[in-house]
Amino acid sequence: MEKNIKFPVVDLSKLNGEERDQTMSLINDACENWGFFEIVNHGLPHDLMDKVEKMTKEHYKNSMEQKFNDMLKSKGLEKLETEVEDVDWESTFYLRHLPKSNLNDVPDMSDEYRTTMKDFGKRLEDLAEDLLDLLCENLGLEKGYLKKVFHGTIGPTFGTKVSNYPPCPKPEMIKGLRAHTDAGGLILLFQDDKVSGLQLLKDGDWVDVPPLNHSIVINLGDQLEVITNGKYKSVSHRVVTQKEGNRMSIASFYNPGSDAEISPASSLVEKESEYPSFVFDDYMKLYAGVKFQPKEPRFEAMKNASAVTELNPTAAVETF
Ligand code: OGA
Ligand code: NI
């Protein structure tokens, strides 16, 4: 797996020194060619990350594991004799931070876990906004452009999906999470530092996103592809299951507000754009039913509202 060696790792502390230009180019190259990069020295305190990881793993044991095992039983997934293509081998719950926090309403969280996730969420929100400005700089867009587009009238949507991918006896029969591109803006992922599983599609091959202690994995969603007029792309990714080890992942989605108007930035369009313009919530309504299908027909369908039904949306999945 030589390809892993090149997976872009960006040291954000270098933005403050002599290597700023190289670091900005590394980010630009990652956005253009990978849709993903991993950041270190991002300013999130390591002890906070350790606490989030420890509490999330405890929470899984105390409040989620039984439910996951019950799900396996009810869906007949304990034996896995044939390949399963419509279920994911994952245990998840969702936290919303913006536009309005639901943290006090999520069941089965200790006060300490709630407070810790609030603190973690706020720091990730600030980091996401800083990263959006780095993207603006690389794209030649004015500072604050992306934040402003995402704002709509009520501000961005920011939420966290907390996942565990328990060990699976037959990884070849089921994915932890089936291949998809993310619908939204910028995704910040705190993944297990030992158990791997996340892979992205690069030039036709699945490439591992390597675990790296105290790093945050960044990836770009469909909205950034539209706004950058395809200069940056959302990239297909998936989670494979493992025979050994329970993989934790905490994915935070910095997305446009529901009424934000999304369209290719005019300075990035030469003639006419291939990409649609729409209200973010309309895109999400479509995405919820077709998350595991390719993105191109989604973009096509958004050009023509009557084509949406032709995509044959299946049962809606929970998404940010
Ligand atoms: C997602 C996702 C990856 C992971 O939730 O959209 O891609 O590692 N998660 O959990
Ligand atoms: Ni994803």
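Residues numbered from 1 in each chain as written. Chains lettered and ligands numbered in written order. Predicted model: local features only at pLDDT ≥ 70, side-chain atom pairs only at ≥ 80, totals over all residues. Heavy atoms only, no water.

If you look the protein chain up in an unreviewed UniProt entry, it shows as aminocyclopropanecarboxylate oxidase from Arabis alpina. Database annotation for the protein chain, UniProt heading Sequence similarities (unreviewed entry): "Belongs to the iron/ascorbate-dependent oxidoreductase family." UniProt, in the comment section headed Pathway (unreviewed entry), describes the protein chain in these words: "Alkene biosynthesis; ethylene biosynthesis via S-adenosyl-L-methionine; ethylene from S-adenosyl-L-methionine: step 2/2." (UniProt positions renumbered as here; feature names shortened; annotations may be inferred.)

(A) Local environment of the packing of helix H2 (residues 46–74) against helix H3 (residues 111–139). Remark: H2 packs on H3, axes separated minimally by 10 Å, with the N-to-C direction vectors making an angle of 135°. On the basis of their axis angle, the class for H2 and H3 is oblique. As H2 runs across H3, the sense of the crossing is left-handed. Every residue of H3 that contacts H2 at Leu48, Met49, Lys51, Val52, Met55, Thr56 and His59 is listed here: Glu112, Tyr113, Thr116, Met117, Asp119, Phe120 and Arg123. (Axes fitted to C-alpha atoms, helices over the stretch in contact; angles between N-to-C directions. Helix = DSSP H or I, 4+ residues; strand = E, 2+ residues; numbered from the N terminus. Parallel < 35°, antiparallel > 145°, perpendicular 65-115°, else oblique. Left-handed = near helix turned anticlockwise from the far one by under 90°. Contact = heavy atoms within 4.5 Å.)

(B) Summary view of the layout of surface pockets. In this model, the largest pocket occupies a volume close to 470 Å³. Lining the largest pocket we find 20 residues, and of these Met71, Lys75, Asp88, Glu90 and Thr92 sit closest to its centre. When contributions to the lining of the largest pocket are tallied by element, the ones reaching two or more residues are H2, strand E3 (91–98) and strand E5 (175–180). Class assignment of the residues belonging to the lining of the largest pocket gives a composition of nine nonpolar, two polar and nine charged. (1 Å grid on protein atoms, 1.4 Å probe; cavity = no way out; pocket = protein on both sides within 12 Å on 5 of 7 lines; lining within 4 Å. Points joined across faces, edges and corners; volume = space filled by probe spheres on them. Nonpolar A, V, L, I, M, F, W, Y, C, P; charged D, E, K, R; others polar.)

(C) Summary view of a negative patch on the surface. Side chains of Glu83, Glu85, Asp86 and Glu172 sit close together on the surface and give a patch of like negative charge. Within the secondary structure, Glu83 is located in the loop between H2 and E3. A residue is classified by how much of its surface remains accessible, and Glu83, at 48% relative accessible area, is partly exposed. (Patch = residues over 30% accessible without salt bridge, like charges linked within 9 Å, V, L, I, M, F, W, Y side chains within 5 Å. Areas by Shrake-Rupley, 256 points an atom, 1.4 Å probe, with all protein chains shown as cover. Salt bridge = Lys/Arg side-chain N within 4 Å of Asp/Glu carboxyl O. Lys, Arg positive; Asp, Glu negative; His and termini not counted. Charge placed at Lys NZ, Arg CZ, Asp CG, Glu CD. Buried < 20%, exposed > 50% of the residue type's maximum accessible area, 1.4 Å probe, protein only.)

(D) Structural context of unusual backbone geometry. A cis amide bond links Leu98 to the next residue, Pro99, at an omega of 5°. A positive phi angle, near 50°, is found at Leu80, a position not held by glycine. Relative to the helices and strands, Leu80 resides in the loop between H2 and E3. A positive phi is found at Asn229, a non-glycine position, where the angle reads about 55°.

(E) The site of ligand 1, seen in detail. In the vicinity of ligand 1, the contacting residues are Lys161, Tyr165, Leu177, His180, Asp182, Leu189, Leu198, His237, Val239, Arg247, Ser249 and Phe253. Between ligand 1 and Asp182 there is a distance of 3.0 Å, counted from an oxygen atom to a side-chain nitrogen or oxygen. With the chains in place, 97% of the 290 Å² that ligand 1 exposes on its own is no longer accessible. When atom positions are compared with the pocket grids, ligand 1 is found to occupy the largest cavity. Elements represented by at least two residues in the shell around ligand 1 include exactly strand E4 (157–165), E5, strand E10 (237–240) and strand E11 (247–255). Sort the elements by how many residues they give to the shell around ligand 1 and E11 lands first, with three residues. Residue classes in the shell around ligand 1 are distributed as six nonpolar, three polar and three charged. (Near = heavy atom within 4 Å. Polar contact = N/O pair within 3.5 Å; in protein donor to acceptor, adjacent residues only side chain to side chain. Sits in = over half its atoms within 2 Å of the grid points.)

(F) Inspection of the packing of aromatic side chains at higher detail. Scanning the entire structure with this criterion turns up eight aromatic pairs. Summarising the aromatic geometry, the rings of Phe68 and Trp89 are spaced 5.4 Å apart at their centres and angled 80° between planes, so their arrangement reads as edge-to-face. Residue Phe68 is located in helix H2, and its partner Trp89 is located in the loop between H2 and E3; the two are separated by 21 residues in the primary sequence. Trp89 matches Phe68 in its accessibility class, with the two residues each being buried. Taken together, a centroid distance of 5.9 Å and an interplanar angle of 55° make the contact between Phe120 and Phe190 tilted. One end of the pair, Phe120, is in helix H3; the other, Phe190, is in strand E6 (residues 186–191), and 70 residues separate them in sequence. Residue classification places Phe120 among the buried positions, given a relative accessible area of 1%. (Phe/Tyr/Trp six-rings, centres within 6.5 Å; stacked < 30°, edge-to-face > 60°.)

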